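Architecture at a glance
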Amino acid sequence: MDPRGQVGVVWRVFRLQTQLIFSQRIVWFLGAIVLYIGVLYAINTFVAEDPMDMDDMYIMVLTLPVAALSLYLNMQTIVNEKEQRTLEVMFTTAGSRYKVWLLRLGALNALLALIGLGISALVFFTFMDFSIPGMAGSIFATAFLIGNVTLYFAVRMRSGLGAGMVTALTVFLHVVTSGMLELGVTRYFLFFNPFSPPNQTDPTTWDLWAWQNRIGVLLAGVVLLFFAIRGMDRRDRLLR
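Residues numbered from 1 in each chain as written. Predicted model: local features only at pLDDT ≥ 70, side-chain atom pairs only at ≥ 80, totals over all residues. Heavy atoms only, no water.

Turning to the overall build of the protein chain, a few remarks are in order. A tally of helices and strands in the protein chain yields nine helices and zero strands. Along the protein chain, helices and strands appear, N-terminal first, in the series α-α-α-α-α-α-α-α-α. Here the protein chain, with 240 residues, has 40% of them falling under the buried criterion. In the protein chain, once contacts between residues fewer than 6 apart in sequence are set aside, the share between residues at least 24 apart is 72%. Of the roughly 13,500 Å² of accessible surface on the protein chain, 67% is carried by carbon and sulfur atoms. (Helix = DSSP H or I, 4+ residues; strand = E, 2+ residues; numbered from the N terminus. Buried < 20%, exposed > 50% of the residue type's maximum accessible area, 1.4 Å probe, protein only. Contact = heavy atoms within 4.5 Å. Areas by Shrake-Rupley, 256 points an atom, 1.4 Å probe, with all protein chains shown as cover.)

See the structure below:
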């Protein structure tokens, strides 16, 4: 097959996976994100006395929508298959079932990366300047970990709702604990903002922390993804 044909096949597979993941409601999801950013932009521009700084914008405008979408979609991954009675098919598909799950989850994370890129571009033209690819990569790392935490708990608990609640509680406790221990400007904070270095921090040190944080977050997400997929081996447990 020529390269053009291969690209066409990849695009068709990706489009079909997108329809399965979003249950053909992708326009509603994207519309909700644009509406959310639009409301924040209007408040920040016309209502707020003090406009949002880079740290608030990084969490509230950029990271939160992608992280919330990642949590929801990973929470629904197992639930949708059970509700549509296709989970059994996943176990009886010829070949490795890992390929089926990896294809589905790969498409999901590719979608999150594209959405993060789109949000970064939208915020770049409405709020403030920054590196669009760098920002998109940073917020995707956080969303990737949160999504895989949710997927892991969904497999372990056999409940998407329970997994979402546990993940949300875990993230909340992490944020509260980080605030109490003043970890918000260190490499150990999940919502580490590489684009807002403190004045007293050496730029070289800050760049090192940024790389350590983002690589560490991605590796933690990969480890949780591995254990989540391995947990899917327990067919009878998931089908109950």
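From this point on, the discussion continues.
Residue pairs three or four apart in sequence face the same way in an α-helix, which turns once every 3.6 residues. When the terminal C-alpha atoms of helix H7 (residues 160-180) are compared, their 30 Å separation across 21 residues agrees well with the 30 Å that a helix rising 1.5 Å per residue should span. Here H7 has its buried residues at Gly160, Gly162, Ala163, Gly164, Thr167, Val171 and Ser178. (Expected span 1.5 Å × (residues − 1).)

Residues at a pLDDT of 70 or more form 87% of the protein chain, whose mean pLDDT is 83. Looking at the elements of the protein chain, mean pLDDT is at its lowest for helix H9 (residues 235-239), recorded as 56, and at its highest for helix H6 (residues 132-157), recorded as 92. (pLDDT = per-residue confidence, 0-100.)

On to the packing of H6 against H7. It is the contact of H6 with H7, at a shortest axis distance of 8 Å, that shows an interaxial angle of 135°. Between H6 and H7, the interaxial angle falls into the category oblique. Helix-helix and strand crossings are classified by hand; for H6 and H7 the assignment is right-handed. Every residue of H7 that contacts H6 at Ile146, Val149, Thr150, Phe153, Ala154 and Met157 is listed here: Gly162, Ala163, Gly164, Val166, Thr167 and Val171. (Axes fitted to C-alpha atoms, helices over the stretch in contact; angles between N-to-C directions. Parallel < 35°, antiparallel > 145°, perpendicular 65-115°, else oblique. Left-handed = near helix turned anticlockwise from the far one by under 90°.)

One pass over the structure, following the stated rule, counts 10 aromatic pairs. Residues Phe140 and Phe144 carry aromatic rings whose centres are separated by 5.7 Å and whose planes lie at 35° to one another, so their mutual orientation is tilted. Here Phe140 and its partner Phe144 are both found in helix H6, four residues apart, which amounts to about one turn of the helix. Neither Phe140 nor Phe144 differs from the other in exposure class; each is buried. Between Phe226 and Phe227 the ring centres are 5.4 Å apart and the planes differ by 75°, which places this aromatic pair in the edge-to-face class. Taken together, Phe124, Phe125 and Phe130 form an aromatic cluster joined through their ring pairs. (Phe/Tyr/Trp six-rings, centres within 6.5 Å; stacked < 30°, edge-to-face > 60°.)

Between the first and last C-alpha of helix H2 (residues 26-47) there are 31 Å, a value that for 22 residues agrees with the 32 Å anticipated at 1.5 Å per step. Among all positions in H2, only Phe29, Ile33, Ile37, Leu40 and Asn44 are buried. Down the axis of H2, the buried side of the element spans an arc of 65°, and every buried residue falls inside it. Exposed side of H2, more than 90 degrees from the buried face: Val27, Trp28, Leu35, Phe46 and Val47 are the residues found there. (Arc of directions from axis to C-beta.)

Before going further, it helps to examine the environment of Arg214. One can find Arg214 in helix H8 (residues 203-231). Relative accessible area serves as the criterion here: at 9%, Arg214 is assigned to the buried category. Once the C-alpha coordinates of Arg214 and Phe140 are considered, the two residues, 74 residues apart in sequence, prove to be 9.6 Å apart. Look past the residues within four positions of Arg214 in its chain and what remains in contact with it is Tyr58, Ser138, Ala141, Thr142, Phe189, Leu190 and Phe192. Polar contacts involving the side chain of Arg214 include one to the main-chain carbonyl oxygen of Leu190, which spans 2.8 Å. (Polar contact = N/O pair within 3.5 Å; in protein donor to acceptor, adjacent residues only side chain to side chain.)

Counting 29 residues, the largest nonpolar core has Phe22, Leu69, Ile119 and Val123 as the members making the most contacts within it. For this core, the elements supplying multiple residues, two or more each, are helix H1 (3-22), H2, helix H3 (54-83), helix H5 (97-126) and H6. In terms of residue count, the dominant contributor to this core is H3 (eight residues). Contact partners of Phe22, with chain neighbours within four places excluded, come to Phe29, Leu69, Leu73, Leu111 and Ile115. Of all hydrophobic cores here, the second largest spans 12 residues; its members include Leu145, Val149, Val171 and Phe189. (Core = buried A, V, L, I, M, F, W, Y, C linked by side-chain atoms within 4.5 Å.)

The next thing to look at is the side chain of Thr186. Locating Thr186 in the fold gives a position in the loop between H7 and H8. Note on Thr186: relative accessible area 16%, which makes it buried. Leave out the neighbours within four places in its chain, and Thr186 touches Phe192 and Trp209.

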